[in-house]
Amino acid sequence: MNALSGRPGRPLTLKLLVAGGFGVGKTTLVGAVSEIRPLRTEEVLTEASRPVDDMRGVEQKRTTTVAMDFGRITLREELVLYLFGTPGQDRFWFLWDELAQGALGAVVLVDTRRLADSFAAIDYFERRGIPFVVAVNRFDGAEDHPLAEIRAALDLDPHVPLVPCDARARDSVKAVLIEVVEHARRHAMAGRESRTAH
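The rules behind each value
Residues numbered from 1 in each chain as written. Predicted model: local features only at pLDDT ≥ 70, side-chain atom pairs only at ≥ 80, totals over all residues. Heavy atoms only, no water. Helix = DSSP H or I, 4+ residues; strand = E, 2+ residues; numbered from the N terminus. Buried < 20%, exposed > 50% of the residue type's maximum accessible area, 1.4 Å probe, protein only. Salt bridge = Lys/Arg side-chain N within 4 Å of Asp/Glu carboxyl O. Pairing = 2+ DSSP bridges. Phe/Tyr/Trp six-rings, centres within 6.5 Å; stacked < 30°, edge-to-face > 60°. 1 Å grid on protein atoms, 1.4 Å probe; cavity = no way out; pocket = protein on both sides within 12 Å on 5 of 7 lines; lining within 4 Å. Points joined across faces, edges and corners; volume = space filled by probe spheres on them. Nonpolar A, V, L, I, M, F, W, Y, C, P; charged D, E, K, R; others polar. Contact = heavy atoms within 4.5 Å. Core = buried A, V, L, I, M, F, W, Y, C linked by side-chain atoms within 4.5 Å.

### What to know about the overall build of the protein chain
Per the secondary structure count, the protein chain includes five helices and seven strands. Starting at the N terminus, the α and β elements of the protein chain follow one another as β-α-β-β-β-α-β-α-β-α-β-α. Here the protein chain holds 198 residues, and 45% of them are scored as buried.

### Describing the pattern of salt bridges
Summed over the entire model, instances satisfying the criterion amount to 12 salt bridges. Glutamate 78 is paired through a salt bridge with arginine 76; the nearest N and O atoms lie 2.8 Å apart. Classification of glutamate 78 as partly exposed rests on a relative accessible area of 42%. Since its relative accessible area comes to 47%, arginine 76 is described here as partly exposed. The partner of arginine 168 in a salt bridge is aspartate 166, with the nearest N and O atoms 2.9 Å apart. Through salt bridges with shared partners, one network takes in Asp111, Arg113, Arg114 and Asp117.

### Remarks on the pairing of strand 4 (residues 79–85)
Among the seven residues that make up strand 4, six are buried, leaving the element largely enclosed by the rest of the structure. Summarising the sheet, strand 1 (residues 12–20) and strand 4 pair through seven bridges and their orientation is parallel. Paired with threonine 13 across the two strands is valine 80, which belongs to strand 4.

### Thoughts on the environment of lysine 26
With respect to the secondary-structure elements, lysine 26 resides in helix 1 (residues 26–33). Classification of lysine 26 by relative accessible area gives buried; the value is 7%. Taking the C-alpha atoms as reference, lysine 26 lies 8.2 Å from aspartate 69; in sequence the two are 43 residues apart.

### Details of the packing of aromatic side chains
Scanning the entire structure with this criterion turns up four aromatic pairs. Considering the side-chain rings of phenylalanine 125 and phenylalanine 132, the 6.2 Å spacing of their centres and the 35° angle between planes classify their relative orientation as tilted. The class for phenylalanine 125 is buried, based on a relative accessible area of 0%. Taken together, Phe70, Tyr82 and Phe84 form an aromatic cluster joined through their ring pairs.

### Brief notes about empty space enclosed by the protein
One simple way to see leftover space: roll a probe sized like a water molecule over the atoms. Applying the stated criterion across every chain yields a total of one cavity of 30 Å³ or more. Roughly 40 Å³ of internal volume is contained in the largest cavity. What lines the largest cavity is Gly21, Phe22, Val24, Leu109, Val110, Asp111, Arg114, Asp117 and Ser118. When the residues that make up the lining of the largest cavity are grouped by side-chain class, the tally is four nonpolar, two polar and three charged.

### Thoughts on the side chain of threonine 86
Within the secondary structure, threonine 86 is located in the loop between strand 4 and helix 2 (96–100). Among residues more than four places away in sequence, those in contact with threonine 86 are Val18, Ala19, Gly20, Lys26, Trp96 and Leu99.

### Things to note about the nonpolar core
Side chains of nonpolar character tend, in soluble globular proteins, to be buried together. Core analysis: the biggest nonpolar cluster contains 28 residues, and Leu16, Leu81, Leu83 and Leu177 have the highest contact counts within it. At the level of secondary structure, the elements contributing two or more residues to this core comprise strand 1, helix 1, strand 3 (63–76), strand 4, strand 5 (105–110), strand 6 (132–137), strand 7 (162–165) and helix 5 (170–197). Sort the elements by how many residues they give to this core and helix 5 lands first, with six residues. Not counting residues within four places of it along the chain, the set of residues in contact with leucine 177 comprises Leu16, Val33, Ile73, Leu81, Leu83 and Val107. Core analysis: the next-biggest nonpolar cluster, separate from the first, contains 25 residues, Leu17, Ala103, Val108 and Ile150 among them.

Structure (structure tokens):
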């Protein structure tokens, strides 16, 4: 049995993380696609948090995730994804290691207006060998950059998928999640082939 096959008669359940910088749209993405009411651990942003959290580009943001978002989507009858949205602020990153346990793969959501905010998430998954897809969230009013320019700016390895995304649109998010599952499958197969060759 491989990493992407379930037991007969039971759906295969896979855990995926949704990560990225503060205010990039992680909660929106989980909510757009979840077939259950998403679990959210949001708190109202206070004036005390403003010197701590970088609000540039997200000045209208009123709440923040302090632990995680959780949602579920059935891609096919035999395949169910559990989505765990990570908190974006540096001060909550101690939770990432717990959330990452058992994760098959991840989505790193980026905002082209604040690309540097995604470097830490990309580095996190690279260092841990967790396959990930970078999804470029299209914000209203943001300049549209070619994906090749974004890939160069993020210094992404060629094998890391980079895809456009509208975190508000269910079909767009589903396409990203399918890409993550396929990328994780390719990653697992490459790992098996490498072990067999040695």
